[in-house]
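Residues per chain are reported as follows:
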Amino acid sequence: MTGSLTFLGIESSCDDTAAAVVRHVPGQPAQILASIVEGQTALHAAFGGVVPEIAARAHAERLDHCVEQALAESAVALADLDGIAVTAGPGLIGGVLSGVMLARGLALATGLPIVGVNHLAGHALTPRLTDQLAFPYLMLLVSGGHCQFLIVHSEHRFERLGGTIDDAPGEAFDKTAKLLGLNQPGGPAVQTEAALGDAKRFAFPRPLLDRPGCDMSFSGLKTALLRARDAVIAEKGGLTVQDRRDLCAGFQAAVADVLAEKTRRALEVYAALNPARPALAVAGGVAANTAVRARLQTTCAQAGVEFLAPPLRLCTDNAAMIAWAGIERFRAGDYGSADLVARPRWPLDATAAPLLGSGKKGAKA
Amino acid sequence: MRPNLVLAFDTSAAHCAAALLSGDRVWLKSEAMEKGQAERLMPLITELLAEAGKALADITAIGVGTGPGNFTGVRISVAAARGLALGLGVPAIGVTRLEAMAFGLPRPVTVVEDARRDEVYVQRFDAGGAGVAQIMAAGVTFTGAVAGRDGLQSLPIAEAIARIAAARAGTAQPRPAPFYLRGADAAPSSDPPPVILEA
């Protein structure tokens, strides 16, 4: 496949319903002709987290509208497409299934090939969509659902150096916001408060820093925050605005410290490959946190490695990355399969030891 | 004008069922299964078309079962119907399982269908139209004719959906949406936020 390719991408693995059209001509940067993302924040706000059934219900009734909008905005007709790429996992199965069935219906009706994309591969290949980054590069995927270091060797080979053994940092930010009475999503709210707080007032743990390797843990940090909050409440009967700012600052500093140190270690492993253009790319909503980002930039500068952060709309969940991953796979000879199935569990690196959810169903991500 | 050909399917319960309706001719395919409908639905449709000697391009409307029933099963069919409709440029029309069960039966009739959890879905249909669909305790009894649950035999569900969709195809229809009848079973967060003190 050497000519121009135009793909429709479909994403519905968490709480964003998304469709996009991406065109790529070999030797040129890819063009995002349209990228529609319809969030569900308001639907889940009352529940303090994403409710899978509510998410699935919204995806099932919104996906086709998003696809139509993406086609209209890009002025691309179904007949102009070369293929359909859809997130086939990992993620919340109800949403993934809705996306896969919509895509299979479209593919059957149009005769277009359908490529099932791993959601994490979508994030991991985004630096090639935005910056034509050459393999191999180091990827830190850090979001509300995931946290892992990957060496991206090719469009289908991802080597996981480590990741969280429990919660994702984004989840911890959301939980922190909830415990402190701040709005969801927690990331921006906690960041705003933290900017006015004293990070040194509360001593929070830096989990797993004492152990070698790149694995991380954020669950204990959540508990530590709850204890610190309750200690203040026990003393004063509530939190002052400054207490809250200091708790946010302490929590955020702990997350940034852990990510920076684990990134330093991951860069050491990556450096052994002698890459021509050494680079760390980040993806996921937590990569938008300015304190985390500043620490990662410093770590990269010290290691002499380029730091790359795609624009936020391509860092968080979107369908342009799915369309792009579909194009990359298609060019590599994966022409998809009409009998595509949804996979709630689908680790990118099947050879690495499971971090989460082992057992007979296998690793989660 | 090409002749009408309605494709209908349903995966709202422990089956994967599809029908093609062309005038008075009906082709049916239904398989019992607890799971695996997502994998089976498209191949089943392809096989049904082949048996009927029809092509996808011959389809003029799609009918889809919207439940109530298994949430995931309902979404499988509704999402597939929306994708097919978009790809073929034909309307997709939602038909509830209770409407399908009442189809063709003498009215008035009360449709009673198993809703699991010791409950039943209930809807009354009379000459004037349909009453409100609701969930009741499984032990409830009804006077008059009952369909489902030891009562009158309904048409195969995919055929009934096809016939209802065919009748509606001439008029503007909303996109098919799942008819859950049950809430999402999510409880708002129970922990109250902390008291924020005036500085």
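Treat the numbers as computed from the prediction; the structure is a model and nothing was measured.

## Quick look at the pattern of salt bridges
Residues and elements named next belong to chain A.
Move 1: If you walk through the whole model with that rule in mind, you get 29 salt bridges over all chains.
Move 2: Between Arg 128 and Glu 328 there is a salt bridge, with the nearest N and O atoms lying 2.6 Å from each other. Linking Arg 128 in helix α4 (residues 119-131) with Glu 328 in helix α11 (residues 320-331), this pair joins segments that are 200 residues apart in sequence. In terms of burial, Arg 128 and Glu 328 fall into one category: buried.
Move 3: Where Arg 329 meets Asp 334, a salt bridge forms, and the shortest distance between an N and an O atom there is 2.9 Å.
Move 4: Note on Arg 329: relative accessible area 26%, which makes it partly exposed.

## Quick look at the domain arrangement of chain A
All names here are of chain A.
Move 1: Domain annotation for chain A reports domain 1 (5-133 + 314-331) and domain 2 (137-312).
Move 2: Taken together, the contact pairs 21 residues of domain 1 with 26 residues of domain 2.
Move 3: Between domain 1 and domain 2, the buried area comes to about 1,900 Å², and carbon and sulfur atoms account for 74% of it.
Move 4: The three residues of domain 1 that bury the most area against domain 2 are Leu 120, Leu 133 and Cys 315, which together make up 33% of that side's buried surface.
Move 5: Run the count over domain 1 and domain 2 and you get zero salt bridges.
Move 6: Taken together, the connections running from domain 1 to domain 2 amount to seven residue pairs in polar contact (both at pLDDT 80 or more).
Move 7: Sorting the residues of the side of domain 1 that touches domain 2 by element identifies α4, α10 (312-315) and α11 as the ones contributing at least two each.
Move 8: If you tally residues by element for the side of domain 1 that touches domain 2, the top one is α4, at eleven residues.
Move 9: Taken together, the residues that form the side of domain 1 that touches domain 2 break down as nine nonpolar, eight polar and four charged.

## Some details on the layout of surface pockets
Move 1: Estimates place the volume of the second largest pocket at around 650 Å³.
Move 2: Taken together, 25 residues form the lining of the second largest pocket, with Glu34(B), Asn70(B), Phe71(B), Gly73(B) and Arg116(B) sitting closest to its centre.
Move 3: For the lining of the second largest pocket, the elements supplying multiple residues, two or more each, are α3 (93-110) of chain A together with α1 (37-52) and α2 (71-88) of chain B.
Move 4: When residues of the lining of the second largest pocket are assigned to their parent elements, the largest contribution, four residues, is made by α2(B).
Move 5: Among the residues making up the lining of the second largest pocket, the classes are represented as nine nonpolar, eight polar and eight charged.

## Comments concerning the packing of α3(A) against α1(B)
Each packed pair of helices is defined by two parameters, the angle between the axes and the distance between the axes.
Move 1: Running from amino to carboxyl end, α3(A) crosses α1(B) at an angle of 15°, the nearest separation of the two axes being 10 Å. Here α3(A) lies roughly parallel to α1(B), going by the angle between them. Handedness of the crossing formed by α3(A) with α1(B): right-handed. Along the contact surface, α3(A) presents Leu97(A), Met101(A), Arg104(A), Gly105(A) and Leu108(A), while α1(B) presents Ala38(B), Glu39(B), Leu41(B), Met42(B), Pro43(B), Ile45(B) and Thr46(B).
Move 2: In terms of residue class, the contact of α3(A) with α1(B) is made up of eight nonpolar, two polar and two charged.

## Here we look at the sheet that holds strand β1 (residues 5-11) of chain A
Residues and elements named next belong to chain A.
Move 1: With mixed pairing, the five strands of this open sheet are ordered in space as β3-β2-β1-β4-β5. At either margin of the open sheet sits one strand with a lone partner, and together these are β3 (31-39) and β5 (114-118). Sheet twist, expressed as the mean angle between neighbouring strand axes with direction ignored, is 20°.
Move 2: Bridge count between β1 and strand β2 (residues 16-24): seven bridges; the pairing is antiparallel. Directly across from Ile 10, in β2, lies its bridge partner Ala 19.
Move 3: Where α3 meets the sheet, its contacts fall on β1, β4 (83-89) and β5, and the angle it forms with β4 comes to roughly 155°.
Move 4: Where α11 meets the sheet, it contacts β1, β2, β3, β4 and β5, and its direction lies at approximately 130° from that of β1.

## Here we look at the interface of chain A and chain B
Move 1: Taken together, the 40 residues of chain A in the interface contact 37 residues of chain B.
Move 2: Carbon and sulfur atoms supply 66% of the area that chain A and chain B bury against each other, a total of about 3,200 Å² over both sides.
Move 3: The largest contributions to the chain A side of the interface with chain B come from Arg57(A), Met101(A) and Leu108(A), which together make up 20% of the buried area.
Move 4: Linking chain A with chain B are four salt bridges.
Move 5: The partner of Asp64(A) in a salt bridge is Arg175(B), with the nearest N and O atoms 2.8 Å apart.
Move 6: Between chain A and chain B we count nine residue pairs in polar contact (both at pLDDT 80 or more) in total.
Move 7: Tallying contributions element by element places α3(A) first for the side of chain A that touches chain B, with eleven residues.
Move 8: Among the residues making up the side of chain A that touches chain B, the classes are represented as 20 nonpolar, ten polar and ten charged.
Move 9: As paired elements, strand β9 (residues 239-240) of chain A and strand β11 (residues 196-197) of chain B share two bridges and run parallel to each other. In the strand pairing of β11(B), Leu239(A) is matched with Ile196(B).

Rules used in this analysis
Residues numbered from 1 in each chain as written. Chains lettered and ligands numbered in written order. Predicted model: local features only at pLDDT ≥ 70, side-chain atom pairs only at ≥ 80, totals over all residues. Heavy atoms only, no water. Salt bridge = Lys/Arg side-chain N within 4 Å of Asp/Glu carboxyl O. Helix = DSSP H or I, 4+ residues; strand = E, 2+ residues; numbered from the N terminus. Buried < 20%, exposed > 50% of the residue type's maximum accessible area, 1.4 Å probe, protein only. Domains from an automatic or database assignment. Contact = heavy atoms within 4.5 Å. Buried area = accessible area lost by both parts, 1.4 Å probe. Polar contact = N/O pair within 3.5 Å; in protein donor to acceptor, adjacent residues only side chain to side chain. Nonpolar A, V, L, I, M, F, W, Y, C, P; charged D, E, K, R; others polar. 1 Å grid on protein atoms, 1.4 Å probe; cavity = no way out; pocket = protein on both sides within 12 Å on 5 of 7 lines; lining within 4 Å. Points joined across faces, edges and corners; volume = space filled by probe spheres on them. Axes fitted to C-alpha atoms, helices over the stretch in contact; angles between N-to-C directions. Parallel < 35°, antiparallel > 145°, perpendicular 65-115°, else oblique. Left-handed = near helix turned anticlockwise from the far one by under 90°. Pairing = 2+ DSSP bridges.

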